[in-house]
Every structure is written in structure tokens, then in C-alpha cells.
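Observations on the model geometry
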Amino acid sequence: DWSSEVCSSDLLATSALADSTAGKPIPASDRHFAYDGRFDDHDPKHIVAIWQSSRISTDFKSEHLTLDFGPSVDQSFFDADVDGVRELVAIAPNQAHQTYVWPHPLDGSLHHLTLSKRNESNSGYVTFDGITLDSKSKVSTPVAHHYRLKVIFFGDSITAGACNEDGPNDQWDNRRTHNGNKSYAALTANALDADWENISVSGMGIVTGYVPFIASQVWDRVYPKPDSAPADLSRFTPDIVFVNYGENDTSITQRDNKPFPPTFTKDYETYIESLRRAFPKAEIVLLRGGMGGGAENPNLRAAWTKAVDDLEKKDSRVSHFIFKHFTVQHPRVVDDQAM
């Protein structure tokens, strides 16, 4: 049972998830919270954090800080950062309510909190209900960072950061070692001084994959589910769209001893054309690689190259990039840095 393992091992490192009965609650709907990423905010007092690298931030004055969470579905892990001090927050799965008490001393000066989801969207999500401070506390809106760019990443486990803090072998039972905040996507966005969203799903492909849906069905949804409500794409208008798919189309067909999907080129082009309609002014950069299938598989290389050639001929704002660095298993953080 992964949950008992995680919770027992994290008590000393991150303090306990425990009930908080005193203090001044600041609901998730408070105007002083900044939300960066794609959230389910249909109920402003209970905002669901879904996608990896989705970020919640605020400034506060308090000698006490508790993070308040509502219902959790499967696994969720966060990096909680206060003034540069970072702790891993492990959310127990399938609970109605939990809290996390910040384990370090706080004084009455102004502090900055950032809460950033680590693990993949399709491995779990949780409701953020707000924070609890001491009775004399104050909250304020963080000073907005003036980013140079806005970028969005669409991809699979490579882009989501799956397994990047694992040991020698990939593992999928405990997602605490799947850290989207250290993925090549997050590192690239930070290097570009860009605001970013990471709308990637482990196991997903263009035609087929390890999940029961494909990229064209969920890229514009609130949750990684075809029947989810559409996301409001007007909230985030990217300057650059990065797209990296194909590894799962390759690996699952090889596993099942089937031919590479013959409609990959056509379906890939149709998908990119959907992105173009949604983001008419963006640069679209088509990526390939990061793992051995995308780097070396001749069927994927040929199908992807044909799609890229077709798209670049039709659209002057479409370009491509092929990773020189790739791995056999999922990229680790050192590989994300190289990418």
C-alpha cells in the first residue's frame, strides 16, 4: 500500500498532515491567491489542482501556516516553498479533508508561498481549499513577475517528468518520484523566463497508447478525460507551443507485436491543425525524442518527418527540434537538464 509507505516516511521530512482547528482561514477564493496553470475552478472556494507544475501562490504575514486540502483522488504530491525553503507535501489518497502544517518557524514579516503540483495529471488530483494563518495575519497578492514569454507544452510522460527522480528502474506505484517541476518542460520555461503550462499525460499517444484516450481528445479539457468540460483557452495565450508525442505509439505497438499505426502522420497533422486554430499567433515547435523510441525507431521517425514536412510547408510559424540526448528508460533529472 503506497499511501501508508509515503505517509509514514514523510512525517519527519515534511511534518504531518493533520487537522487544524485554530487560526484564521483564508479560502481558495481569496483574491490574494494567484493561480498559474489549468485548474478546475468552477467552485471558487474549492479549486482542484490537476496538471503537473500548476502553481498557487500568495504573500502572507503570520507565524503559522497550514495548507488546507479537500477531497483527493488517487495520488497528489506538491512542492511547498516558503521564502526559498522547500518541502514535499504528500497527499493521502481518496480522503475528504487533510491539512499540512508548515514545519519551520515563521516570524511576523512578509512571507511568500508557492505550492506547485509535482505528479502527472492522470495519476491523481486534489482540491485546494486555502490556507489557515494565525489570528493576526494578513495576506497580500504577490508582486507579479513580468515574464518574457508564455509557453505551453503538450506531451506524454517524457514531458510530464515521469520517473525522473526514480532510481535505476522506472516505477509507477508511488508517484512522489515523478516531478514535473524538474521536467525538461519546466527547466526550459524557466530558462526562457516564460510563464508556462504543462498539459501532458503519461502513456498518451497520437493514435494509440497506454491510456484509453489520445492527445486530440484531451488537450483542450479541464481534466485528462475526453468527457471533461472544455478548458477556457482564452485564459492563457501562449507565444510558443511545444509538442512532443510518438513514444507511446511506438512502444505499445512493439509490445503487442503490431505494426506502427498507419494513420500517425495524418492524425498528427490534424492534431497540430487543431492547435493552430486555438492559438493562431503562436509559434508551434514540433519535438521528437527524449527516449529511444522517438530517437531511433525508423517507423516513427519516417511518419513524424513526413508530418513535419507537410506542416512546415503550409505554416511558416511551425518549426521542429530533435533532441540529441535520449534515454532507454524515462529521462531522469540529469537527462531533463541535458534536454
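Residues numbered from 1 in each chain as written. Predicted model: local features only at pLDDT ≥ 70, side-chain atom pairs only at ≥ 80, totals over all residues. Heavy atoms only, no water.

Quick word on the overall build of the chain
Secondary structure summary: the chain contains nine helices and 17 strands in total. Here the chain has a C-alpha radius of gyration of 20 Å; the compact-globule value for 339 residues is 20 Å, and the two agree. Put simply, the chain has 339 residues, and 56% of those count as buried. Here the contacts in the chain between residues at least 6 apart in sequence split such that 76% fall between residues at least 24 apart. Counting every atom, the chain has about 14,900 Å² of accessible surface; 53% of that belongs to carbon and sulfur. Here the chain contributes 33 positive and 47 negative side-chain charges, whose respective centroids are spaced 5 Å apart. (Helix = DSSP H or I, 4+ residues; strand = E, 2+ residues; numbered from the N terminus. Rg over C-alpha atoms; globule rule 2.2 N^0.38 Å. Buried < 20%, exposed > 50% of the residue type's maximum accessible area, 1.4 Å probe, protein only. Contact = heavy atoms within 4.5 Å. Areas by Shrake-Rupley, 256 points an atom, 1.4 Å probe, with all protein chains shown as cover. Lys, Arg positive; Asp, Glu negative; His and termini not counted. Charge placed at Lys NZ, Arg CZ, Asp CG, Glu CD.)

Looking at the packing of aromatic side chains
In the structure shown here, the tally under the stated rule is 16 aromatic pairs. Look at Phe-33 and Tyr-35: their rings are 6.2 Å apart centre to centre, the planes differ by 45 degrees, and that puts the pair in the tilted class. Look at Phe-33 and you get buried, because its relative accessible area is 8%. Ring plane angle 80 degrees and centroid distance 5.3 Å describe the contact between Tyr-35 and Phe-39, whose orientation is recorded as edge-to-face. Look at Phe-39 and you get buried, because its relative accessible area is 8%. Here the aromatic residues Phe-33, Tyr-35, Phe-39, Phe-69, Phe-78 and Phe-128 are joined through ring pairs into a cluster of three or more. (Phe/Tyr/Trp six-rings, centres within 6.5 Å; stacked < 30°, edge-to-face > 60°.)

Observations regarding the environment of Ala-189
Within the fold, Ala-189 resides in helix α3 (residues 184-191). Given a relative accessible area of 0%, Ala-189 falls into the buried group. Residues Ala-189 and Tyr-147, spaced 42 residues apart in sequence, show a C-alpha to C-alpha distance of 10.0 Å. If near-sequence neighbours (up to four positions away) are discounted, Ala-189 is found in contact with Val-151, Phe-153, Ala-194 and Trp-196.

Points about the pairing of strand β10 (residues 110-117)
Sheet topology places strand β5 (residues 55-61) next to β10; seven bridges connect them, and they run antiparallel. Paired with Thr-58 across the strands is Leu-113, a residue of β10. (Pairing = 2+ DSSP bridges.)

Observations regarding the side chain of Asp-79
Secondary-structure assignment places Asp-79 in strand β7 (residues 76-82). Separated by 2.9 Å, the side chains of Asp-79 and Arg-118 make a polar contact. A polar contact is formed between the side chain of Asp-79 and the side chain of Asn-181, at a distance of 3.0 Å. Beyond its immediate chain neighbours, meaning those up to four positions away, Asp-79 contacts Arg-86, Glu-87, Thr-114, Leu-115, Ser-116, Arg-118, Asn-179 and Asn-181. (Polar contact = N/O pair within 3.5 Å; in protein donor to acceptor, adjacent residues only side chain to side chain.)

Topic: helix α8 (residues 298-314)
Compared with an ideal rise of 1.5 Å per residue, which puts 17 residues at 24 Å, α8 spans 25 Å between its outermost C-alpha atoms and is within 8% of the ideal. Its side-chain oxygen placed 3.0 Å from the backbone nitrogen of Asn-299, Asn-297 serves as the N-cap of α8. (Expected span 1.5 Å × (residues − 1).)

Side note on the nonpolar core
Counting residues in hydrophobic clusters, the biggest one holds 39 residues, and the most contacted among them are Phe-154, Val-243, Tyr-268, Tyr-271, Leu-275 and Leu-286. Elements supplying a minimum of two residues to this core: β13 (149-155), α4 (215-218), β15 (240-244), α6 (264-278), β16 (283-288) and α8. Among the elements that line this core, the one with the most residues is α8, at six residues. Contact partners of Tyr-268, with chain neighbours within four places excluded, come to Ile-206, Val-243, Leu-286, Trp-304, Ala-307 and Leu-311. (Core = buried A, V, L, I, M, F, W, Y, C linked by side-chain atoms within 4.5 Å.)

Here we look at the packing of α6 against α8
Close contact between α6 and α8 brings their axes to 9 Å; oriented N to C, the two are set at 40 degrees. By the angle between their directions, the pair α6 and α8 is classed as oblique. Read as a crossing pair, α6 and α8 show a hand that is right-handed. Across from Phe-264, Thr-265, Tyr-268, Glu-269, Ile-272 and Glu-273 in α6, the residues of α8 making contact are Leu-300, Ala-303, Trp-304, Lys-306, Ala-307, Asp-310, Leu-311 and Lys-314. Per-class residue counts for the contact of α6 with α8 are eight nonpolar, one polar and five charged. (Axes fitted to C-alpha atoms, helices over the stretch in contact; angles between N-to-C directions. Parallel < 35°, antiparallel > 145°, perpendicular 65-115°, else oblique. Left-handed = near helix turned anticlockwise from the far one by under 90°. Nonpolar A, V, L, I, M, F, W, Y, C, P; charged D, E, K, R; others polar.)

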